[in-house]
Amino acid sequence: MAYRSEVGGRQLQAPVRPPYGRIRRSLPLVATVVGLWLRWRVLRVQRRIFGVAAMEGATHRFHQAAAEAIVRRAVKQQGLIIKTCQFLGSRADILMEEYVRTLSLLHDAVPPRPWPEMRAVIEGELGTTVEELYATFDPHPIAAASLAQVYRATLDDGTDVAVKVQYPGIERVVEWDLDVIRWLANVWAKIETVFDLRPVAEEMSRNAPEEVDFLHEGRASEELAGLLGERADVAIPQIYWQRSARRVLTMDYLEGIRITDLEALRAAGVDPARAADTLIDLYNTMILRHGMFHADPHPGNLLVLPPDGIHPMRIGLIDFGLTKRLTDEFREMVIVLTTAIIAQRPAEITDAMEDMGFRARIRDEETYAAIGQAFLGDVLRSGKAYMDQQLFAEVNLRLGRILRANPLVEVPPDVILIARVMGLLSGISRSLESDADLLQAIEEYLRPPALEEAAVETVG
Ligand SMILES: Nc1ncnc2c1ncn2[C@@H]1O[C@H](COP(=O)(O)OP(=O)(O)O)[C@@H](O)[C@H]1O
Ligand SMILES: [Mg+2]
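Residues numbered from 1 in each chain as written. Chains lettered and ligands numbered in written order. Predicted model: local features only at pLDDT ≥ 70, side-chain atom pairs only at ≥ 80, totals over all residues. Heavy atoms only, no water.

Asks: Provide a residue-level description of the pattern of salt bridges, including the pertinent values.
Replies: Applying the stated criterion across every chain, the model contains 36 salt bridges. A salt bridge links aspartate 351 to arginine 363, with the shortest nitrogen-to-oxygen separation between them at 3.1 Å. On the criterion of sequence distance, the pair formed by aspartate 351 in helix H14 (residues 346-356) and arginine 363 in the loop between strand E14 (359-360) and helix H15 (365-382) is long-range, its members being twelve residues apart. What makes aspartate 351 partly exposed here is its relative accessible area of 40%. Each of the salt bridges in this network shares a partner with another, and the network as a whole consists of Glu125, Glu171, Asp213, Arg246 and Arg247. (Salt bridge = Lys/Arg side-chain N within 4 Å of Asp/Glu carboxyl O. Helix = DSSP H or I, 4+ residues; strand = E, 2+ residues; numbered from the N terminus. Buried < 20%, exposed > 50% of the residue type's maximum accessible area, 1.4 Å probe, protein only.)

Asks: So what about the coordination of the magnesium ion (ligand 2)? Which residues, and what values?
Replies: The magnesium ion (ligand 2) binds to the protein through Asn301 (OD1) and Asp319 (OD), with metal-donor distances spanning 2.2 Å. Here the residue asparagine 301 occupies a position in the loop between strand E10 (292-294) and strand E11 (302-305), and aspartate 319 occupies one in the loop between strand E12 (314-317) and strand E13 (323-325), the gap between them amounting to 18 residues. In this pair, the class of asparagine 301 matches that of aspartate 319, namely buried. (Donors = N, O, S within 2.8 Å, 3.2 Å for Na, K, Ca; no water.)

Asks: Got a sec to walk through helix H16 (residues 389-405)? Specific residues and values, please.
Replies: With 17 residues, H16 extends 25 Å between its outermost C-alpha atoms, agreeing within 8% with the 24 Å of an ideal straight helix rising 1.5 Å per residue. Those residues of H16 that fall on the buried side of the exposure criterion are Leu391, Val395, Leu399, Gly400, Ile402 and Leu403. (Expected span 1.5 Å × (residues − 1).)

Asks: Just give me the short version of the site of ligand 1, but keep the residues and values in it.
Replies: Residues in contact with ligand 1 amount to 19 residues; listed here are only the nearest, Lys164, Asp252, Gly300, Asn301 and Asp319. Within the contact set of ligand 1, an oxygen atom lies 3.0 Å away from a backbone nitrogen or oxygen of leucine 147. Residue leucine 254 places a main-chain N or O atom 2.9 Å away from a nitrogen atom belonging to ligand 1. One can see that ligand 1 is located within the second largest pocket. (Near = heavy atom within 4 Å. Polar contact = N/O pair within 3.5 Å; in protein donor to acceptor, adjacent residues only side chain to side chain. 1 Å grid on protein atoms, 1.4 Å probe; cavity = no way out; pocket = protein on both sides within 12 Å on 5 of 7 lines; lining within 4 Å. Sits in = over half its atoms within 2 Å of the grid points.)

Asks: Which residues make up the domain arrangement of the chain, and what values do they have?
Replies: According to the domain assignment, the chain consists of domain 1 (6-106), domain 2 (170-210) and domain 3 (256-460). Spacing between the C-alpha centres of domain 1 and domain 2 amounts to 20 Å. Opposite the ten residues of domain 1 that make contact, domain 2 presents eleven residues. Around 980 Å² of area is buried between domain 1 and domain 2 when both sides are counted, 75% of it from carbon and sulfur atoms. Sorting the residues of domain 1 by area buried against domain 2 places Arg22, Arg25 and Leu80 first, and these three jointly supply 53% of that buried surface. Counting every contact that joins domain 1 to domain 2 gives two salt bridges. Salt-bridge contacts for arginine 22 lead to aspartate 179; the nearest nitrogen and oxygen are separated by 2.6 Å. In this assembly, domain 1 and domain 2 are joined by three residue pairs in polar contact (both at pLDDT 80 or more). Secondary-structure elements contributing two or more residues to the side of domain 1 that touches domain 2 are helix H1 (22-50) and helix H3 (80-89). Looking at side-chain class alone, the side of domain 1 that touches domain 2 contains four nonpolar, four polar and two charged residues. (Domains from an automatic or database assignment. Contact = heavy atoms within 4.5 Å. Buried area = accessible area lost by both parts, 1.4 Å probe. Nonpolar A, V, L, I, M, F, W, Y, C, P; charged D, E, K, R; others polar.)

Asks: Describe the packing of helix H12 (residues 272-290) against helix H13 (residues 328-343), naming the residues involved and giving the relevant values.
Replies: Running from amino to carboxyl end, H12 crosses H13 at an angle of 115°, the nearest separation of the two axes being 8 Å. For the pair H12 and H13, contact is made by Ile287, Leu288, Arg289 and His290 and by Arg331, Val334 and Ile335, respectively. The residue makeup of the contact of H12 with H13, split by class, is four nonpolar, one polar and two charged. (Axes fitted to C-alpha atoms, helices over the stretch in contact; angles between N-to-C directions.)

Asks: Please set out the pairing of strand E6 (residues 160-166) residue by residue, giving values where relevant.
Replies: Looking along a regular strand, one sees the side chains alternate between the two faces of the sheet. Most of E6 is tucked away, with six of its seven residues classed as buried. Taking the residues between adjacent antiparallel strands as the criterion, strand E5 (residues 148-154) and E6 are bridged by five residues, where glycine 158 takes a positive phi near 90°. Bridge analysis of E6 against strand E8 (residues 248-252) gives five bridges, and the strand direction is antiparallel. Bridging from a neighbouring strand, valine 165 pairs with valine 248 of E8. (Pairing = 2+ DSSP bridges.)

Asks: Lay out the layout of surface pockets in plain terms, naming residues and giving numbers.
Replies: Approximately 990 Å³ is the volume attributed to the second largest pocket. Taken together, 44 residues line the second largest pocket, and the ones lying closest to its centre are Asp108, Ile142, Ala143, Gly300 and Ile318. Secondary-structure elements contributing two or more residues to the lining of the second largest pocket are H3, helix H5 (105-108), strand E4 (143-144), E5, E6, E8, strand E9 (257-258) and E11. A class-by-class count of the residues in the lining of the second largest pocket yields 23 nonpolar, nine polar and twelve charged. Each of domain 1 (6-106) and domain 3 (256-460) accounts for three or more of the residues forming the lining of the second largest pocket. (Points joined across faces, edges and corners; volume = space filled by probe spheres on them.)

Asks: Could you give an account of helix H6 (residues 115-126), with specific residues and numbers?
Replies: If you check H6, its first and last C-alpha atoms are 16 Å apart, about what twelve residues at 1.5 Å a residue would give, namely 16 Å. Among the residues making up H6, those that are buried are Trp115, Met118, Val121, Ile122 and Leu126. For H6, the buried positions fall inside an angular range of 125° around the axis, keeping them on one side. Of the exposed residues in H6, the ones pointing more than 90 degrees away from its buried face are Pro116 and Gly124. (Arc of directions from axis to C-beta.)

Pasting the structure below:
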């Protein structure tokens, strides 16, 4: 069954080919952003003159129009801008509803590329015809996102599979986008010294080559499936290697409900808050226990599989393009830091952060403690499992003040994806109306089983 890509009631058209080259990929984007920024400045003046209440309708219309303009631009450009918008569109915790609703189209409903183009990718990669490879194959895609389009098919033995096919030419598009992002981060660093985006750009550059290699993705999903094997509440599709290559991945089709579709969840007898609990616990296990995690939990990559008589409710994880492996030392340091933040001990927070590779210009406990507080402490103590707009504004203000006096000059790359995951999970927890106590959820992970065993051994 095909899906519809509409924004503001208008059908979106995908370009036959996204713009090629750095200039053609960056200029229209900059023009869109500057255009929106100017309109926002005008609106701010109007709000000051006429009052915020009088301009409320116009403000909503502006944000809706801005969100639609961003989606239209992203669909034309494709590549990493879609990935960036997927992140933003997941932040129901801190962004206005207009953006969350509109940008979420980019999670899995990007206008599809024509079938002949995608068929050529499959046949070029696997060296034979689609008819030879699959018993049945539906040429209408079930979804399309940042790097690939996904089809449903069956194997000779009747197994239902999803076939993920990379957009032709996407590797080059991603390379150009990385150049543009690195350039923008450098320009930004000259204007604004407080939140340096260069480490983020570097981390993106490190991960992108792996994301466009589906063999890497397949291996990562198998490894994580192995680590999570004992858990009954997670589903990870099995990979069919005979029908997979660098640009094609054939895997089990997961029949599930989109995690942010509250109505469908309730209709299937699933309590959304329970789904949120399971998701958070799954991430605690992956990050704090195994040190290996799926780093892209936006709503397009998470499904809920209702109980089916054999399994309890399961969280279906798909899209392992961005999977992170931490070293054991680093995983331990994350646990030590989390413990220190919860205990509110500035000296320990400072030691832990320095061990991990953070460096502030001046070694100052107050700075490190404030970062720890902003990163995790505020949410833990708010009694909720997510940020909200007000808390986010407060944190930004406070952190901005502290970092202006004493900026961070080094950020360990491994925390960037952890921060990304925390942001995405915060957004989803908000969407799912989670009432979980994050502090309680995380506590049991703070003493790794290895240490407990060691303690038992010494006692015994
Ligand atoms: N195994 C699967 N079972 C069911 N749906 C899938 C499966 N794999 C992908 N999809 C659908 O296809 C979409 C895009 O696939 P994904 O692997 O996330 O690609 P991308 O890397 O481009 O984001 C997903 O958001 C999901 O809706
Ligand atoms: Mg995806």
